[in-house]
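Chain residues, written in single-letter form:
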Amino acid sequence: KGTVYLYFRSKEDVYLTLLANALNALNARFATAVQTSHDPVRQIRAIGDEFIHFFIESPGYFRLMHELTYPFMHADASADILQQVHRNSAETWALITRCLQGGIDSGVLRNDFSAFEMAVVLWTNTSGLLRIIDARRGSTLWQQRNEYSLSAMELRNLIDKVNSVLMTSFSR
């Protein structure tokens, strides 16, 4: 075993520490983004923009966030590291749902969806499209154009359009 195991009990602890760091970095970006406006819809759009910038600027962290959610990655993890990951994840969701709840409370967003339901829809939509982009980065298939392919810029525009439709559908 290498020197890294003087600081970490297992490889899961290494990975999950990186995941906690990724979530911490994302939360800092989101916290800054929501300070740009008091309008809940603008805050959500700013969070979405920051998520896309995070994806572009920190692709390794983005991948970790999606690959380390599988329960088998937690089997040999230390309880304190798992707790940190859960705290950071809860902070992410709390920040997003707080903005959406502000929109519901102010009457700007519909009240027949919970803030958490809206957050899940927006998060899974954006994450799913970004994962499609990520899976195709550098691929020769990515460069080949046909009627069923999208460039990275076209996918970015698609994300903007779909999120706009979703936010419109959540609006009163």
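Now for a quick tour of the structure. (Residues numbered from 1 in each chain as written. Predicted model: local features only at pLDDT ≥ 70, side-chain atom pairs only at ≥ 80, totals over all residues. Heavy atoms only, no water.)

Quick look at the nonpolar core
Filter applied, for reference: Take the buried residues of types Ala, Val, Leu, Ile, Met, Phe, Trp, Tyr and Cys, join any two whose side-chain atoms come within 4.5 Å, and each joined set is a nonpolar core. Each residue's exposure class comes from its accessible area (1.4 Å probe, protein chains only) as a fraction of the maximum for that residue type: buried when under 20%, exposed when over 50%, partly exposed otherwise. Each helix corresponds to a stretch of at least 4 residues labelled H or I by DSSP, and each strand to a stretch of at least 2 residues labelled E; elements are numbered beginning at the N terminus. Here a residue-residue contact requires only that any non-hydrogen atoms of the pair lie within 4.5 Å.
Counting 39 residues, the largest nonpolar core has F51, M65 and L100 as its most contacted members. Those elements that place two or more of their residues in this core are α1 (11-34), α2 (40-57), α3 (59-67), α4 (79-105), α5 (115-136) and α7 (152-170). Those residues in contact with M65 that sit more than four places away from it in its chain are L19, A22, L23, L26, F51, F54 and W123.

Some points on α4
The cut-off we apply is this: The span expected for a helix works out to 1.5 Å for each residue beyond the first.
The end-to-end C-alpha separation of α4 is 37 Å, in line with the 39 Å expected for 27 residues at 1.5 Å each. One or two positions beyond α4, positive phi appears at G107, with a value near 85 degrees.

Points about the pattern of salt bridges
Where charged atoms from two side chains of opposite charge come close, those side chains can pair. The following threshold applies: Here, a salt bridge means any Lys or Arg side-chain nitrogen found within 4 Å of an Asp or Glu carboxyl oxygen.
Enumeration over the complete set of coordinates arrives at four salt bridges. R29 is paired through a salt bridge with E57; the nearest N and O atoms lie 2.9 Å apart. In this pair, R29 is assigned in helix α1 and E57 in helix α2, connecting sequence segments 28 residues apart. When its relative accessible area of 51% is taken as the criterion, E57 is described as exposed. Its salt-bridge partner being D112, residue R110 comes within 2.7 Å of it at the nearest N-O pair. In this structure, a network of salt bridges that share partners links the residues R29, E50 and E57.

Brief notes about the packing of α1 against α3
Heads up, the rule is: Helix axes are fitted to C-alpha atoms over the stretch in contact, other axes to C-alpha atoms as well, and angles between N-to-C directions run from 0 to 180 degrees. We call two directions roughly parallel when the angle between them is under 35 degrees, roughly antiparallel when it is over 145, roughly perpendicular when it lies between 65 and 115, and oblique otherwise. Here is the rule for handedness: rotate from the far helix to the near one, and if that takes an anticlockwise turn smaller than a right angle the crossing is left-handed, while a clockwise turn gives right-handed. Each residue gets one label: Ala, Val, Leu, Ile, Met, Phe, Trp, Tyr, Cys and Pro are nonpolar, Asp, Glu, Lys and Arg are charged, and the others, such as Gly, are polar.
It is at 9 Å that the axes of α1 and α3 come closest, and there the two elements cross at 115 degrees. With respect to their mutual orientation, α1 and α3 come out roughly perpendicular. Of the two elements, α1 crosses α3, and the hand of that crossing is left-handed. Here α1 contributes L18, L19, N21, A22, L23, A25 and L26 to the contact with α3, which in turn contributes Y61, L64 and M65. Classifying every residue of the contact of α1 with α3 gives nine nonpolar, one polar and no charged.

What to know about the environment of W123
Its place among the elements puts W123 in helix α5. By relative accessible area, which is 16% here, W123 ends up buried. Spatially, the C-alpha atom of W123 lies 9.3 Å from that of I96, the residues being 27 residues apart in sequence. Residues in contact with W123, not counting those within four places in the same chain, are L26, F30, F51, M65, T92, W93 and I96.

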